[in-house]
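# Overview (structure and organization)
If you want the building blocks of each chain, they are given just below.
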Amino acid sequence: MIDGPYPMLALLGAVTTGVMAGVFCAFSVLVMRGLAKLPAAQGVAAMNAINSSATTPLFLVLFLGAAGLCAGIAMVTFLLWPDEGTLPLLLGSGLYLVGAFGVTVMANVPRNEALRKLEQGAPEAAAYWPTYVRQWTRWNHVRAATSAAAAIVYAMSLV
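One structure accompanies this document, and this report is about it. (Residues numbered from 1 in each chain as written. Predicted model: local features only at pLDDT ≥ 70, side-chain atom pairs only at ≥ 80, totals over all residues. Heavy atoms only, no water.)

## Notes on the overall build of the protein
Scanning the protein from N- to C-terminus turns up five helices and zero strands. Counting all 159 residues of the protein, 39% fall into the buried class. Across the protein, every contact between residues at least 6 apart in sequence was considered, and the portion connecting residues at least 24 apart equals 80%. Carbon and sulfur atoms provide 74% of the accessible area of the protein, an area that totals close to 8,300 Å². Positive and negative charge centroids in the protein, built from 8 and 6 side chains respectively, lie 17 Å apart. (Helix = DSSP H or I, 4+ residues; strand = E, 2+ residues; numbered from the N terminus. Buried < 20%, exposed > 50% of the residue type's maximum accessible area, 1.4 Å probe, protein only. Contact = heavy atoms within 4.5 Å. Areas by Shrake-Rupley, 256 points an atom, 1.4 Å probe, with all protein chains shown as cover. Lys, Arg positive; Asp, Glu negative; His and termini not counted. Charge placed at Lys NZ, Arg CZ, Asp CG, Glu CD.)

## Remarks on the packing of helix 2 (residues 40-53) against helix 5 (residues 123-156)
Packing of helix 2 against helix 5 leaves a shortest axis separation of 9 Å and a crossing angle of 55°. Relative to helix 5, the element helix 2 is oriented oblique. Taken as a pair, helix 2 and helix 5 cross one another with a handedness that is left-handed. Taken together, the residues of helix 5 that come into contact with helix 2 (itself represented by Ala40, Gly43, Val44, Met47 and Asn51) are Ala125, Ala126, Trp129, Tyr132 and Trp136. (Axes fitted to C-alpha atoms, helices over the stretch in contact; angles between N-to-C directions. Parallel < 35°, antiparallel > 145°, perpendicular 65-115°, else oblique. Left-handed = near helix turned anticlockwise from the far one by under 90°.)

## Concerning helix 2
Over its 14 residues, helix 2 extends 20 Å from the first C-alpha to the last, a length consistent with the 20 Å expected when each residue adds 1.5 Å. Restricting attention to buried positions, one finds in helix 2 the residues Ala40, Gly43, Val44, Met47, Asn48 and Asn51. Each buried residue of helix 2 lies within a common arc of 130° when the element is viewed along its axis, so the set occupies one face. Taken together, the buried residues of helix 2 touch helix 1 (6-36), helix 4 (86-117) and helix 5. (Expected span 1.5 Å × (residues − 1). Arc of directions from axis to C-beta.)

## Points about the packing of helix 2 against helix 4
When two helices pack together, their arrangement is given by the angle between their axes and by how far apart the axes lie. Close contact between helix 2 and helix 4 brings their axes to 10 Å; oriented N to C, the two are set at 125°. One way to sum up the angle between helix 2 and helix 4 is to call them oblique. In this structure, the crossing between helix 2 and helix 4 has a hand that is left-handed. Seen from helix 2, the contacting residues are Val44, Met47, Asn48 and Asn51; seen from helix 4, they are Asn112, Leu115 and Arg116. A per-class count over the contact of helix 2 with helix 4 returns three nonpolar, three polar and one charged. (Nonpolar A, V, L, I, M, F, W, Y, C, P; charged D, E, K, R; others polar.)

## A short note on the nonpolar core
If you look at the biggest cluster of nonpolar residues, it comprises 19 residues, and the most contacted ones within it are Met20, Phe24, Ile73, Leu89, Tyr96 and Tyr154. Taken together, the elements giving at least two residues each to this core come down to helix 1, helix 3 (57-80), helix 4 and helix 5. Beyond its immediate stretch of four places on either side in the chain, methionine 20 contacts Phe59, Leu62, Phe63, Ala66, Tyr96 and Ser147. Of all hydrophobic cores here, the second largest spans twelve residues; its members include Met47, Ala125, Trp129 and Tyr132. (Core = buried A, V, L, I, M, F, W, Y, C linked by side-chain atoms within 4.5 Å.)

## Observations regarding the environment of glycine 34
Its location among the elements puts glycine 34 in helix 1. For glycine 34, a relative accessible area of 36% translates into the label partly exposed.

## Quick notes on the side chain of asparagine 112
As for its placement among the helices and strands, asparagine 112 is situated in helix 4. Within the local environment of asparagine 112, its side chain forms a polar contact with the side chain of tryptophan 136, the two groups lying 2.9 Å apart. Apart from the residues within four sequence positions on either side, asparagine 112 is in contact with Met47, Asn48, Asn51, Tyr132 and Trp136. (Polar contact = N/O pair within 3.5 Å; in protein donor to acceptor, adjacent residues only side chain to side chain.)

## As for the pattern of salt bridges
In the structure shown here, the tally under the stated rule is one salt bridge. Of the charged contacts in the structure, one is a salt bridge between glutamate 113 and arginine 116, with a shortest N-O distance of 2.6 Å. One end of the pair, glutamate 113, and the other, arginine 116, are both in helix 4, three residues apart, so they sit about a helical turn from each other. By relative accessible area, which is 33% here, glutamate 113 ends up partly exposed. (Salt bridge = Lys/Arg side-chain N within 4 Å of Asp/Glu carboxyl O.)

The following block contains the structure:
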């Protein structure tokens with residue numbers, strides 16, 4: 001079992017990445033399925049409204065806070081190299097930082113920006129909408145799965 005500051009860090013890591021896994025999962029299985037059923041113009045408008053809401057302080061604190069915490073856990077673990085729990089702490093951090101934060105930056109945000117630039121009722125928007133939904137949701141599944149895996153790995157470091 002790990003000791004020192006690591007149990008609290010692992011617990012915080014498990015909770016924050018678990019919360020984000022829930023957010024991402026809810027989006028994949030509820031929100032995106034609902035939006036996909038809308039006519040393209042309405043789906044584009046709704047998703048653009050959702051994306052602009054994602055920059056609110058509460059979501060940013062959750063999303064960026066989890067990333068900051070994971071980065072902090074990784075740095076403390078790497079620098080101090082505890083006798084127990086090193087691998088799960090580094091793995092949990094890596095899973096979230098690459099699989100959730102990195103995927104957001106590299107896959108989801110660019111798609112959001114491309115969607116935002118399209119005029120809602122334009123033929124280009126209608127043509128792009130099904131592709132957007134499919135690709136964005138696929139990458140969101142990755143974010144949900146890696147966030148959940150990070151939470152599990154952090155929790156496993158506690159036993």
